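A closer look at the structure
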Amino acid sequence: MQTAGWSVMGTGTIATEHMVSAIRSVGHEPLWVVSRNNDYAKSFSEDLAIPRTSTEAQQALGDPAVSFVYVSAARSRRGHYVSAAAAAGKHVLCDGPLADTSRVVRALVERCEHSGVALAVNQPLRASNIHQTMGRLVIEGEIGALRSLLIMRGAPSQSPNRRSEALEDPSDLLLDMSVQDIDLARFLTGRNPIEVSALPTTPGDGRRQQMAYAMRLDGDVLFQAYESVTTAEFDSMVMLAGDQGALIAHGTLNGKASGTLVRRLGARNELIPVRDRDAHCTTVEGFVASIHKPTPWLCRGEDCIMALRTVEALAASDRKRRTITM
């Protein structure tokens, strides 16, 4: 791959712990750090050996050596940086979700399309070798006709942000979880939600800290999920069940290890060996390659729109206490 420069917009934990090294793993180089807080930008650049800092996005985007932008800012700032990058003609990889609502994300997608730049969402769950293997085995008919999908996860998947004032409240974390899980469901099954139903919260319950919901996907596939930020962290599970068997992944959603994959056929469990690889490096490599050749598994802005539309339908289901048709 041709060496190219990046600007990192925001100083979040994912950027600190994963994405800067992932950018370097493909032979590219982060050249700028942009943050509204000058002290944060300088500290980030010193920790990760990035040469230039700024509090103004335009200064970094005006550098002709910068071809790509990675956005790791708080959700409320992501749209600002994506729009600025699109106006400057820079390709964008952004942490998801891109915004709080599907309407705002649609506007961002249209802006990038109008400017002729690529917009991808950093969705490591799609880059997981285990999840990609699960999707391939379903397509190959290894568990027969797909009937249902179950996702269970507890506790935040990422370590706390090093900026204490940047920590998100439980409702923000649940939004992130739901968007990730719904996108993963669409990725694994190749199907879209038709009807959604949330288990209603208790009136006067305050901020929601756990969530359970069910969906009917096209092709008559059922999807159920449980997400929590209050339970002690347990081994996450993703299960695809067919009429002949099941695929069960453990520990793939906690952001700490690649996890394990088991195929259950004929009342017997078979451990499927899957080559371990860094999902963040895979994401950056896939994003850069997609500029010249389509990368089918990569999460696009359109996928983020669908996930947020589904989350919005779940919120309506909770509020109205009934099933919502998409």
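Rules behind the numbers
The written sequence of each chain sets the order in which its residues are numbered from 1. Local features in this predicted model are restricted to residues of pLDDT 70 or higher, and side-chain atom pairs are both shown and tallied only at a pLDDT of 80 or more, whereas totals for entire chains, interfaces and linings draw on every residue. To obtain the side-chain values, all non-hydrogen atoms of the structure were used and water was disregarded. For two strands to count as paired, DSSP must find a minimum of two bridges between them. Counting from the N terminus, the helices are DSSP H or I runs at least four residues long and the strands are E runs at least two residues long. Here a Phe, Tyr or Trp ring, Trp counted by its six-membered ring, pairs with any other such ring whose centre lies within 6.5 Å, and the pair is stacked when the planes are under 30 degrees apart, edge-to-face when over 60, and tilted otherwise. Only protein chains enter the accessibility calculation, which uses a 1.4 Å probe; a residue is then buried when its area is under 20% of its type maximum, exposed when over 50%, and partly exposed in between. Distance and chemistry together define a polar contact, namely a pair of N or O atoms within 3.5 Å, with one atom able to donate a hydrogen and the other to accept it when in protein, and with adjacent residues in sequence counting only for side-chain atoms on both sides. Definition used for salt bridges: Asp or Glu carboxyl oxygen within 4 Å of a side-chain nitrogen of Lys or Arg. Working rule for contacts: check all heavy atoms of both residues, and any pair within 4.5 Å makes them a contact. Here an angle of 0 to 180 degrees is reported between the N-to-C directions of two axes, which are lines fitted to C-alpha atoms, with helices fitted over the stretch in contact.

1. With respect to the pairing of strand 7 (residues 146–154)
By the bridge criterion, 6 bridges tie strand 7 to strand 11 (residues 237–242) in an arrangement that is antiparallel. Within strand 11, the residue paired with Leu-150 across the bridge is Met-239. With 7 bridges connecting them, strand 7 and strand 10 (residues 221–228) associate as parallel partners. By the bridge assignment, Leu-150 is partnered in strand 10 with Gln-224.

2. Some remarks on the packing of aromatic side chains
Two numbers describe a pair of aromatic rings. These are the distance of the centres and the angle of the planes. For the structure shown, the criterion picks out 4 aromatic pairs. Taken together, the ring pairs in this structure connect Trp-6, Phe-68 and Phe-287 into an aromatic cluster.

3. What to know about helix 7 (residues 129–139)
Buried residues dominate helix 7, accounting for 8 of its 11 residues. Within the sequence span of helix 7, burial applies to Asn-129, Ile-130, His-131, Thr-133, Met-134, Gly-135, Leu-137 and Val-138. Where helix 7 begins, the capping side chain belongs to Ser-128, and its oxygen is found 3.2 Å from the backbone nitrogen of Ile-130. Downstream of helix 7 by one or two residues, Gly-141 has phi in the positive range, about 80 degrees.

4. Focus on the pattern of salt bridges
By the definition in use, this model includes 12 salt bridges. Close ionic contact of Asp-183 with Arg-126 constitutes a salt bridge, the shortest N to O distance being 2.7 Å. In this pair, Asp-183 sits in helix 8 (residues 170–189) while Arg-126 sits in helix 6 (residues 124–127), placing the two residues 57 residues apart along the sequence. Assigned by exposure class, Asp-183 and Arg-126 land together as buried.

5. What about the sheet that holds strand 10?
If you trace the 9 strands from one edge of the open sheet to the other, you get 14-13-12-11-7-10-9-8-16, paired in mixed fashion. The open sheet terminates on both sides in strands that have one partner only, identified here as strand 14 (268–271) and strand 16 (324–325). Pairing of strand 9 (residues 210–217) with strand 10, which is carried by 8 bridges, proceeds in the antiparallel orientation. Bridging across to strand 10, Leu-217 finds its partner in Val-221.

6. A closer look at the sheet that holds strand 15 (residues 299–300)
Read across the sheet, 7 strands follow the order 3-2-1-4-5-6-15 without closing on themselves; strand pairing throughout is mixed. Of all the strands in the sheet, the pair left with one neighbour each is strand 3 (52–54) and strand 15. Examined bridge by bridge, strand 6 (residues 119–122) and strand 15 share 2 bridges and lie antiparallel to one another. Among the inter-strand pairings, Val-121 is bridged to a residue of strand 15, identified as Cys-299. Where helix 1 (residues 13–25) meets the sheet, its contacts fall on strand 1 (5–9), strand 2 (29–34), strand 4 (66–71), strand 5 (91–95) and strand 6, and the angle it forms with strand 2 comes to roughly 145 degrees.

7. Brief notes about unusual backbone geometry
Trans is the common state for peptide bonds, and a negative phi is the common state for residues other than glycine. Between Gly-96 and the following residue, Pro-97, the backbone shows a cis peptide bond with an omega angle of -5 degrees. Take Pro-97: it is sitting in the loop between strand 5 and helix 5 (102–115). The backbone of Ala-49 sits at a positive phi, close to 55 degrees, despite the residue not being glycine. Phi angles above zero are rare outside glycine, and Asp-220 is one such case at about 60 degrees.

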